[in-house]
Amino acid sequence: MKICSPILKPIKFVEPIRDRKKIAQIKNLLRGQHRYRDLLLFVIRINTALRISYLLQLQLSQFVDGEGGIKRRFWIKEQKSLSETKCVG
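Conventions adopted
Residues numbered from 1 in each chain as written. Predicted model: local features only at pLDDT ≥ 70, side-chain atom pairs only at ≥ 80, totals over all residues. Heavy atoms only, no water. Helix = DSSP H or I, 4+ residues; strand = E, 2+ residues; numbered from the N terminus. Buried < 20%, exposed > 50% of the residue type's maximum accessible area, 1.4 Å probe, protein only. Contact = heavy atoms within 4.5 Å. Areas by Shrake-Rupley, 256 points an atom, 1.4 Å probe, with all protein chains shown as cover. Expected span 1.5 Å × (residues − 1). pLDDT = per-residue confidence, 0-100. 1 Å grid on protein atoms, 1.4 Å probe; cavity = no way out; pocket = protein on both sides within 12 Å on 5 of 7 lines; lining within 4 Å. Points joined across faces, edges and corners; volume = space filled by probe spheres on them. Nonpolar A, V, L, I, M, F, W, Y, C, P; charged D, E, K, R; others polar. Salt bridge = Lys/Arg side-chain N within 4 Å of Asp/Glu carboxyl O.

A.B. asks: What am I meant to see in the overall build of the protein here?
C.D. replies: Secondary structure summary: the protein contains three helices and two strands in total. Out of the 89 residues in the protein, the part that is buried amounts to 17%. A separation of at least 24 residues holds for 17% of the contacts in the protein among residues at least 6 apart in sequence. For the protein, the exposed surface amounts to about 8,100 Å²; the carbon and sulfur share of it is 57%.

Encoded structure:
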């Protein structure tokens, strides 16, 4: 007996964006639409290659210092490798 579900579809392989012009276009689009959270997540993902599960755990306090300025560095503890990743902005 074969069970088919519209939810369970084969996963397609996705290539990373390598073209710097396309990356700049995406950043400009997000900036132009005032989607700063999405821009921040996109830039962090492009520059660090962190897993999406780590990105979703990030909090604003990890990027903003006590005076309201943007931090230049932040730390993430990766659970799978148990190593720390330093990200420089």
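Back to the write-up after that little detour.
A.B. asks: Help me out: how do you make sense of helix α2 (residues 36-48) in this one?
C.D. replies: Since one α-helical turn is 3.6 residues long, residues separated by three or four positions face the same way. Taking 1.5 Å of rise per residue, the 13 residues of α2 would be expected to cover 18 Å, and the 18 Å separating its terminal C-alpha atoms lies within 8% of that figure. Listed in full, the buried residues belonging to α2 are L39, F42 and I44. Residues of α2 that are buried in the fold lie against α1 (20-32), α3 (52-55) and β1 (73-77). Once α2 ends, the next one or two residues include A49, with phi positive near 60°.

A.B. asks: Whenever I open this one, unusual backbone geometry confuses me. Can you help?
C.D. replies: Trans peptide bonds make up the majority, and among non-glycine residues the majority have a negative phi. Backbone geometry places H34, a non-glycine residue, at a positive phi of 55°. Structurally, the position occupied by H34 is in the loop between α1 and α2. Residue classification places H34 among the exposed residues on the basis of a relative accessible area of 58%.

A.B. asks: Mind showing me how you'd approach the confidence of the model for the protein here?
C.D. replies: Predicted coordinates in areas of low pLDDT are best not read in detail. Here the protein shows a mean pLDDT of 78. Residues at 70 or above account for 74%. Looking at the elements of the protein, mean pLDDT is at its lowest for strand β2 (residues 84-88), recorded as 54, and at its highest for α1, recorded as 95. Every residue in residues 1-5 is under pLDDT 50, and counting partners more than four places away or in other chains gives zero contacts.

A.B. asks: Explain the layout of surface pockets to me, please; I cannot follow it from the model alone.
C.D. replies: One way to see where empty space is left: roll a probe the size of a water molecule over the atoms. Taken as a whole, the second largest pocket spans an internal volume of roughly 200 Å³. When the residues that make up the lining of the second largest pocket are grouped by side-chain class, the tally is five nonpolar, no polar and one charged.

A.B. asks: Explain the pattern of salt bridges to me, please; I cannot follow it from the model alone.
C.D. replies: A side chain with one charge may pair with a side chain of the opposite charge, provided their charged atoms come close. According to the stated counting rule, one finds three salt bridges in the structure shown. Between D38 and R37 there is a salt bridge; the shortest N-O distance is 3.2 Å. Judged by relative accessible area, which is 22%, D38 ranks as partly exposed. For R37, a relative accessible area of 60% gives the class exposed. Taken together, the shared-partner salt bridges connect R35, R37 and D38 into one network.

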